[in-house]
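Spelled out, the chains give:
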Amino acid sequence: MFSRTLATAGLLATLAINAVSAVPTISAKGNKFFYSNGTQYFMKGIAYQLVPDDPLIDTEQCQRDAALMSTLGANAIRVYHVDPRGDHDGCMTAFADVGIYALIDLDTFNTYINPTVASWNQTQFNAYARVMDAFANYNNTLGFFVGNEVIALNNQSLAAPYIKAAARDLKAYRNSKGYREIPIGYSAADIAELRPMLQNYLACGTNVSESIDMFGLNAYEWCGPNDMKTSGYNNLNSYVKDYNIPIFFSETGCNTVRPRDFADQTAIFGDEMNEYWAGALIYEWIEEANNYGLISYGPNVSVTVTASEVQGGFSRMGTPTPISPDFSNLKTQWATLHPTGIAESAYTPQLTPPACPSSTAGGWLVAGDVKLPSLGQTQQAGSVTTTSGSSPTGTGTAADPTSTKKGAANGGKEITGMSIGLVAVMLGFMYWL
C-alpha cells in the first residue's frame, strides 16, 4: 500500500511537470519576444504578490486567480519575491493551463543590490542562482529580473555596473547549467534625468554576455485623459526606436485619476508603439492600502486584525472579486488590442547595441563602457569598484514594487497540490490501483 501511494504521488508530480512542459516557451530575438511556434508575443501582464515571501506555493489560490486572470485577457504575471525552497509545480501549472507566463525577480529581501554602497558578492549570487534553479525548467517562465528599481534616485547611477555584473554572472550560470536562454533583465524606475542612459548602458557594449537580455520600465506617466504627447509617452517612444532588446512596461497603471481607464494600453499596443514595445504589466492584482488593486478577497478589516489570511487589513486569499470599474475597464481595453506583430521566420534583427553613455554633470555618472565589477567587489564613494573579486561558483528593497505603491503583505500560507481537474482524474485512477 505504501509503495502504491509513493508511486501515485510520483505520477502526480510527473503529470504536473508535463502539464507545464506542454506550453510553448518564449524567447527574445532582437527587440521582440516570440513563442516557440514563431508567433510574436505581446505581454499583457499583472503584478502578482499576494504575500511578501512567495505567492506561488498556494496551488488552490493560484488556480482561482489564474481562472479570473484568463477572463481578463492576461498572459503574464510578475512576481517580486519567491522562496526557492517551495513547491511551485501546482501554481506554475495553474498559470500554464491558461497561457500565463511568469516573470520572476531573482533577488531577495536580504540580497538586493544596495545603490548607496553597491556590491556583488558570492552570497548574492548563490541566492539569485537558487531562484533560477527553482524556475528554469518551467516552460512558462518568461524571464528573470536581477533587480527592481535598484537605482531610485538620479544620483545612484554608479550602482549600474553592479546590476550589469549580476546579469553577466547569472547569464553565465544559466548557460553553464544547460538551461534554455531564458531572458535576464532589469526593471527600472522611471527617472527623467537618467533617460535613456540607464537603459542604454545596461544593453551597451560589444560583449553580449555582459549585457541584459530585456529591459522593463516602471512608468506611471499616463494618468486619466491623455495622449501620446501630453502623457510624455512620445518621449519614451523616441528613446527606444533603435533599442536592440525587448523593452516593456514592467509596471504601469497610474491611479491618481479615478477610475482608471487604462487608455495607455491603446497606445502601447497600437501602431505608434507596438513595433518597439513588447507590452505592459499592470500594477497590481490585489487591492491594498495603495488602491492599485484589480481584485479583492473580501471587505477590508481593521489593521489590528491578525489572521493567517489577513495582513495589513486586507484578505490575502479566497475567491477573487473584481473591483469595479477598474477590472472591467482593463478587460475592455485588452479585448480590443491584438497586434499581429511579425512572424519570427520573417524577422531578421538589424538593430545593434546602443553606445555606452558618457557621464554628465548632475545626471548619469558612469563614464562609458567601464570594466564591470568582479564577484566580491564593493563600490567606494565616488567610484565604481574597489576590492578584489573572484569568479562566481554555482551551487532590492530592490525587489519591492515602487516605494510609493508598496502594499502591506507579509507572510503567507503554503498549500501545495495539483489542479482540481487533474486530482479528480488521478483519484479515479487510484481507485483501480
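Parameters at a glance
Residues numbered from 1 in each chain as written. Predicted model: local features only at pLDDT ≥ 70, side-chain atom pairs only at ≥ 80, totals over all residues. Heavy atoms only, no water. Helix = DSSP H or I, 4+ residues; strand = E, 2+ residues; numbered from the N terminus. Buried < 20%, exposed > 50% of the residue type's maximum accessible area, 1.4 Å probe, protein only. Pairing = 2+ DSSP bridges.

A. Looking closely at unusual backbone geometry. Pro196 follows Arg195 through a cis peptide bond whose omega is -15°. Tracing the sequence through the fold places Pro196 in the loop between strand S9 (184–189) and helix H6 (197–203). Residue Pro259 follows Arg258 across a cis peptide bond; omega there is -10°. Looking at where Pro259 falls in the secondary structure, it is placed in the loop between strand S11 (247–252) and helix H9 (264–268). The phi dihedral of Glu149 falls on the positive side, at around 50°, and the residue is not glycine. Here Glu149 lies in the loop between strand S8 (141–148) and helix H5 (160–176). The buried category is assigned to Glu149, whose relative accessible area is 12%. With phi around 55°, Phe262 is a residue other than glycine that occupies positive phi space. Relative to the helices and strands, Phe262 resides in the loop between S11 and H9.

B. Broad picture of the pairing of strand S6 (residues 101–105). Among the five residues in S6, five count as buried, and that is most of the element. Residues Tyr101, Leu103 and Asp105 of S6 are buried on one face, and the alternating residues Ala102 and Ile104, pointing to the opposite face, are buried as well. Where strand S5 (residues 76–79) meets S6, four bridges bridge the pair, whose relative direction is parallel. For Val79, the partnering residue across the bridge sits in S6 and is Ile104. Where S6 meets S8, four bridges bridge the pair, whose relative direction is parallel. Note on S8: the bridge partner recorded for Ala102 is Thr141.

C. Structural context of the sheet that holds strand S1 (residues 26–29). Taken in spatial order, the three strands make up an open sheet running S1-S2-S3, and their pairing is antiparallel. Bordering the open sheet on either side are S1 and strand S3 (40–41), each of which pairs with just one other strand. Judged from the four bridges that link them, S1 and strand S2 (residues 32–35) form a sheet pairing that is antiparallel. The residue of S2 that forms the bridge with Ala28 is Phe33.

Keep in mind that these numbers describe shape and distance, not what the molecule does.
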